[in-house]
Amino acid sequence: MITQEQIDRINYLARKSKTEESLTPREKEEQAQLRKEYVAAMRASLRGQLDNTIVVYPDGSRKKLSEANKKNS
């Protein structure tokens, strides 16, 4: 889980890198690590949403997306 403080720090470093001030090597490393954590958290969130998605067929039957995907393979 990524915190609001981490998101704020990502945004701060992004703004700083776009200005005339350049990031120090330490800040670049921190930025890369924070972005990696953010992407991992977003992927986990998306997987959780997809795992709980239900497909409703015209005949009224309902299946989880993962089960429906196996059916169509």
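Below: a short report on this structure. Predicted model only: the values in this text are computed from it and were never measured.

Rules and cut-offs
- Throughout, a residue's number is its position along its own chain's written sequence, starting from 1.
- Under the rules for a predicted model, residues below a pLDDT of 70 receive no local features and side-chain atom pairs below 80 are neither given nor counted, while totals for whole chains, interfaces and linings still include all residues.
- Excluded from the side-chain calculation are hydrogens and water; included are all heavy atoms of the structure.
- For every element, the axis is a line fit to its C-alpha atoms; helices are fit only across the contacting stretch, and the angle between N-to-C directions ranges from 0 to 180 degrees.
- Going along the chain from the N terminus, every DSSP run of H or I of four or more residues is numbered as a helix, and every run of E of two or more is numbered as a strand.
- Every angle not falling under 35 degrees, over 145, or within 65 to 115 is termed oblique; those three ranges are roughly parallel, roughly antiparallel and roughly perpendicular.
- Should the near helix be turned anticlockwise from the far one by less than a right angle, the crossing is left-handed, and should it be turned clockwise, the crossing is right-handed.
- Note on contacts: a residue pair is in contact if any heavy atoms of the two residues lie within 4.5 Å.
- Throughout, nonpolar core names a set of buried Ala, Val, Leu, Ile, Met, Phe, Trp, Tyr and Cys residues whose side chains join them through atoms within 4.5 Å.
- Exposure classes here rest on a 1.4 Å probe applied to the protein chains alone. A residue is buried below 20% of its type maximum, exposed above 50%, and partly exposed in between.

The next thing to look at is the packing of helix α1 (residues 4-18) against helix α2 (residues 25-51). With their axes 10 Å apart at the nearest point, α1 and α2 run at an angle of 135° to one another. The orientation of α1 relative to α2 falls into the category oblique. The element α1 and its partner α2 pack so that their crossing is left-handed. Listed contacts from α2 to Gln6, Arg9, Ile10, Leu13, Ala14, Lys16 and Ser17 of α1 are Glu27, Glu30, Gln31, Leu34, Arg35, Glu37 and Tyr38.

This paragraph deals with the nonpolar core. Counting five residues, the largest nonpolar core is built from Ile2, Ile10, Leu13, Leu23 and Leu34. Setting aside anything within four residues of it in sequence, one finds Leu13 in contact with Leu23, Glu27, Glu30, Gln31 and Leu34.

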